[in-house]
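Okay, here's what each chain looks like letter by letter:
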Amino acid sequence: MGIKSDIRLIDDNGLRIDGRLPNQLRPIKMEVGVLDRADGSAYIEWGGNKIMAAVYGPREAYPKHVQEAEKAIIRARYSMAPFSVDERKRPGPDRRAVELSKVISEALESVIFVEKYPRTSIDVYIEVLQADAGTRVAGITAASLALADAGIPMRDLIVGCAAGKIDGVVVLDLNKEEDNYGEADVPMAILPRTREIALLQMDGDMTYEELTGAIEMAMEAAQTIHKMQIEALKRKYVEVE
Amino acid sequence: MNEKRGVRKIVVPGELIKEMGKPGNGVFVENGKMYSAYLGVVEIRAGYVNVIPLSGCYVPKKGDKVIGKIIDIAPMNWVVDINAPYYAPLHVNDVPWHVDFGYTARYLSIGDVILAKVSNVNELGQVWITMKEQGLRKLEGGHIIQISPFKVPRVIGKGGSMIQMLKEYTGCRIYVGQNGMIWISGSPEGIITVIKAIRMIESEAHTYGLTDRIKAFLEEERGEEHGN
């Protein structure tokens with residue numbers, strides 16, 4: 001974000017560097033139930049992102065002092081593999097991973113019926129195997145599939161989606177180049193049924209009108225992604241036939 | 001159960017349920033409309049609309065017979081893993097033997113498997129189990145497998161038809177705990193057949209006409225055993 005350059009992110013025809021229209025998503029592929037040992041799991045390929053999510057629990061929360069007497073705690077861990085980016089990333093949680101883990105936990109907590117399982121923890125592990133901008137939103141999308149697969153009661157399937165601004169144009173779902181050289185990035189987590197927002201961050205700057213436009217664009221995209229999620233979940237069971 | 005090999009309607013969390021009826025288990029109401037809370041199948045029973053989850057952990061209910069594994073020993077009780085979110089204590093007063101203080105390990109040690117009953121559950125999710133009832137005992141020998149607790153009713157079948165069929169065809173002794181743990185004892189071939197059949201039930205639990213397919217499978221397996 002904000003690296004000054006003379007790269008043109010939008011060409012004369014109004015197309016982006018990967019040939020997409022401003023309101024077009026990257027290709028998305030989802031699969032549910034990919035891991036045997038976890039209670040629930042999902043794998044997502046979102047453009048160049050490859051992300052695995054696994055859910056364990058609800059299980060008794062340890063250490064005991066983190067337990068909450070009347071609800072379950074959601075512990076999400078976002079982590080990037082050392083080989084997920086161009087230059088090797090030092091393994092282990094850094095400032096960014098800790099922040100994302102926290103905001104993802106809170107976004108997921110808003111959809112789960114946490115009061116059903118007092119004194120327990122639900123652990124969500126989001127592993128980024130390959131990163132190409134928008135990993136947190138793809139991670140949230142995969143995490144919600146994994147939670148549904150684990151049989152955890154939820155109000156809705158939560159959808160992550162990002163919008164942003166490049167070369168003065170509000171666009172949907174930034175890729176790596178657009179993220180690095182663009183002007184703003186707005187990752188969001190959306191509850192598609194009620195159109196509520198569970199997570200909203202912004203990096204860079206936009207006017208009020210641009211931000212409203214970006215949110216509206218992500219809302220529409222969330223409905224599309226939501227349909228893919230439903231399809232992915234049902235596919236696990238209908239294929240058995 | 002009809003002849004067709006259809007798939008029951010699958011709903012996802014947050015999906016609107018169009019079926020009419022009173023809200024039952026696995027659904028929630030918002031603005032007068034019913035939505036599913038789980039990834040599961042819709043079922044209407046006695047005027048209530050329920051969503052039966054396709055996966056998930058066991059939630060103990062009072063009176064359930066469960067199979068548990070001893071994971072810890074204390075002077076006055078054992079700690080039993082019944083595959084629920086919480087471990088269940090088994091107090092020395094709740095076993096059919098007279099146990100002196102500190103001698104718990106003489107009767108049940110870590111790793112032993114027991115058939116027990118849930119005697120109480122409170123709103124905090126704490127569970128107590130008991131073995132003081134006819135038929136409840138320590139399970140020795142045999143084989144343990146684990147399935148989703150929501151598929152237990154399918155393994156048992158209508159009025160116990162499925163489990164009865166498995167027992168008849170293989171000659172195995174089978175106990176099915178409500179928590180999804182299944183204990184099987186018998187000849188090695190029988191055990192293998194039962195496990196295969198149960199895995200089949202598990203993966204096809206949401207389809208119709210399952211009993212007939214399992215019956216065909218068991219016939220085939222028995223045929224092989226007799227060298228045909």
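1. Notes on the interface of chain A and chain B
Here's step 1: Chain A puts 30 residues into the contact, and the matching count from chain B is 29 residues.
Here's step 2: Taking both partners together, chain A and chain B bury about 2500 Å²; carbon and sulfur atoms supply 61% of that area.
Here's step 3: Residues K234 of chain A and E15 of chain B are paired through a salt bridge, measuring 3.6 Å at the closest nitrogen-oxygen approach.
Here's step 4: Taken together, the links from chain A to chain B amount to nine residue pairs in polar contact (both at pLDDT 80 or more).
Here's step 5: Of all elements in the fold, only β3 (49-60), α2 (135-149) and α4 (208-238) of chain A reach the threshold of two or more residues within the side of chain A that touches chain B.
Here's step 6: The leading source of residues in the side of chain A that touches chain B is α4 of chain A, at five residues.
Here's step 7: For the side of chain A that touches chain B, a count of residues per class yields 17 nonpolar, three polar and ten charged.

2. Topic: the packing of helix α1 (residues 95-109) of chain A against α2 of chain A
Residue and element names in this part refer to chain A.
Here's step 1: Close contact between α1 and α2 brings their axes to 11 Å; oriented N to C, the two are set at 45 degrees. What the angle tells us is that α1 and α2 run oblique. At the point where α1 passes α2, the crossing takes the right-handed sense. Touching R96, L100, I104 and L108 of α1 are T135, R136, I140, A143 and L147, all from α2.
Here's step 2: The class makeup of the residues in the contact of α1 with α2 is six nonpolar, one polar and two charged.

3. Section: the sheet that holds strand β15 (residues 181-185) of chain B
Residues and elements named next belong to chain B.
Here's step 1: Pairing within the open sheet is antiparallel, and its three strands lie in the order β13-β15-β14. Looking along the sheet, the strands with just one partner apiece sit at the ends: β13 (143-146) and β14 (173-176). Looking at each pair of strands side by side, their axes are set apart by 20 degrees on average, direction ignored.
Here's step 2: Summarising the sheet, β13 and β15 pair through four bridges and their orientation is antiparallel. In the sheet register, I144 faces β15, and the bridge partner there is W183.
Here's step 3: Its contacts with the sheet place helix α3 (residues 188-203) against β13, β14 and β15, and it is angled at close to 10 degrees to β13.

4. Considering the nonpolar core
Here's step 1: Grouped together as the largest cluster of nonpolar side chains are 86 residues, with contacts concentrated most on L108, I112 and L147 of chain A.
Here's step 2: Residues contacting I112 of chain A, with those up to four places away along its chain left out, are I74, I122, L147, I152, P153, M154 and R155 of chain A.
Here's step 3: Counting residues in hydrophobic clusters, the runner-up holds 25 residues, among them M165, V194, A197 and I214 of chain B.

5. Things to note about the confidence of the model for chain B
Residue and element names in this part refer to chain B.
Here's step 1: In this model, chain B carries an average pLDDT of 87, and 95% of its residues clear a pLDDT of 70 or more.
Here's step 2: Across chain B, the element-wise mean pLDDT spans from 79 in helix α4 (residues 210-225) up to 94 in strand β4 (residues 33-36).
Here's step 3: In the model, residues 1-5 has pLDDT below 50 throughout and makes 13 contacts with residues more than four positions away in sequence or in other chains.
Here's step 4: As scored by the predictor, the complex reaches a pTM of 0.88 and an ipTM of 0.86.

6. Points about the pattern of salt bridges
Pairing of side chains with opposite charge becomes possible as their charged atoms draw close.
All names here are of chain A.
Here's step 1: All told, the structure shown has 31 salt bridges over all chains when counted by the stated rule.
Here's step 2: With a shortest N-O distance of 3.7 Å, K165 and E183 are connected by a salt bridge. Of this pair, K165 sits in strand β6 (residues 159-166) while E183 is found in the loop between α3 (176-181) and β8 (184-191), placing the two residues 18 residues apart along the sequence.
Here's step 3: Here K165 falls in the buried class, since its relative accessible area comes to 10%.
Here's step 4: Residue class for E183 comes out partly exposed when judged on its relative accessible area of 32%.
Here's step 5: Put simply, R16, D18, R20, R26, D132, D173 and E178 are held in one network by salt bridges that share partners.

7. Some remarks on helix α2 (residues 161-170) of chain B
All names here are of chain B.
Here's step 1: Every buried residue of α2 is accounted for by M162, I163, M165, L166, Y169 and T170. Projected down its long axis, α2 carries its buried residues within an arc of 160 degrees, all on one side.
Here's step 2: Following α2 by one or two positions, G171 has its phi on the positive side, about 70 degrees.

8. A look at the packing of aromatic side chains
Here's step 1: Here the structure, examined in full by the defined rule, presents five aromatic pairs over all chains.
Here's step 2: Seen from their ring centres, F113 of chain A and F28 of chain B are 5.1 Å apart, and the 65 degrees between their planes marks the pair as edge-to-face. With F113 of chain A in the loop between α1 and β5 (120-130) and F28 of chain B in strand β3 (residues 27-30), this residue pair bridges two chains.
Here's step 3: Taking relative accessible area as the criterion, F28 of chain B reaches 9% and is therefore assigned buried.
Here's step 4: Aromatic rings pair up to connect F113 of chain A together with F28 and Y35 of chain B into one cluster.
Here's step 5: Lying across the ring of F113 of chain A, R155 of chain A places its NZ or CZ 4.6 Å from the centre.

9. Brief notes about a nonpolar patch on the surface
Here's step 1: A surface patch of nonpolar side chains, about 280 Å² in accessible area, is lined by Y62 of chain A together with I71 and Y87 of chain B.
Here's step 2: The topology assignment puts Y62 of chain A in the loop between β3 and β4 (73-80).
Here's step 3: The class for Y62 of chain A is partly exposed, based on a relative accessible area of 43%.

Quick notes on the rules
Each chain carries its own residue numbering, running from 1 in the written order of its sequence. Both sets of labels track the order of writing: A upward for chains, 1 upward for ligands. Whole-chain, interface and lining totals are the exception, using all residues; otherwise, since this is a predicted model, local features are given only for residues with pLDDT of at least 70 and side-chain atom pairs are given and counted only at 80 or more. Heavy atoms throughout the structure, all of them, feed into the side-chain values; hydrogens and water do not. Contacts were defined at the residue level, with two residues in contact if any of their heavy atoms lie within 4.5 Å. Values labelled buried area give the accessible surface lost by two parts on being combined, using a 1.4 Å probe and summing over both. Each reported salt bridge corresponds to a side-chain nitrogen of Lys or Arg within 4 Å of a carboxyl oxygen of Asp or Glu. Here a polar contact is recorded for every N or O atom pair within 3.5 Å, except that within protein the pair must consist of a potential hydrogen donor and a potential acceptor, and residues adjacent in sequence are included only if both atoms are side-chain atoms. A helix here means a DSSP run of H or I that spans at least four residues, while a strand means a run of E at least two residues long, and both kinds are numbered starting from the N terminus. Polarity classes work like this: nonpolar for Ala, Val, Leu, Ile, Met, Phe, Trp, Tyr, Cys and Pro, charged for Asp, Glu, Lys and Arg, and polar for all others, with Gly in that last group. Angles run from 0 to 180 degrees between N-to-C directions of axes, and those axes are lines fitted to C-alpha atoms, restricted for helices to the stretch in contact. When an angle is under 35 degrees it counts as roughly parallel; over 145 it counts as roughly antiparallel; between 65 and 115 it counts as roughly perpendicular; any other value is oblique. Each crossing is labelled by how the near helix is turned from the far one, with a counterclockwise turn of less than a right angle marking it left-handed and a clockwise turn marking it right-handed. Between any two strands, at least two bridges found by DSSP are needed for them to pair. To form a nonpolar core, buried Ala, Val, Leu, Ile, Met, Phe, Trp, Tyr and Cys residues must be joined to one another through side-chain atoms within 4.5 Å. Partly exposed describes any residue whose relative accessible area lies between the buried limit of under 20% and the exposed limit of over 50%, with all areas from a 1.4 Å probe on protein chains only and scaled to the type maximum. A residue's pLDDT is the predictor's confidence in that residue, given on a scale from 0 to 100. By definition, the arc is the one covered by directions from the helix axis to the C-beta atoms. Only the six-membered ring of Trp is used, alongside the rings of Phe and Tyr, when aromatic pairs are assigned; centres must lie within 6.5 Å, and planes under 30 degrees apart are stacked while those over 60 apart are edge-to-face, with the rest tilted. We count a charge as sitting over a ring when the NZ of a lysine or the CZ of an arginine lies within 6 Å of the ring centre and within 35 degrees of the ring normal. Exposure above 30% relative accessible area and no salt bridge define the residues that can form patches, which grow by joining like charges within 9 Å and nonpolar side chains of Val, Leu, Ile, Met, Phe, Trp and Tyr within 5 Å. Only the protein chains shown count as cover for residues, with accessible areas throughout obtained via the Shrake-Rupley method and a probe of 1.4 Å.

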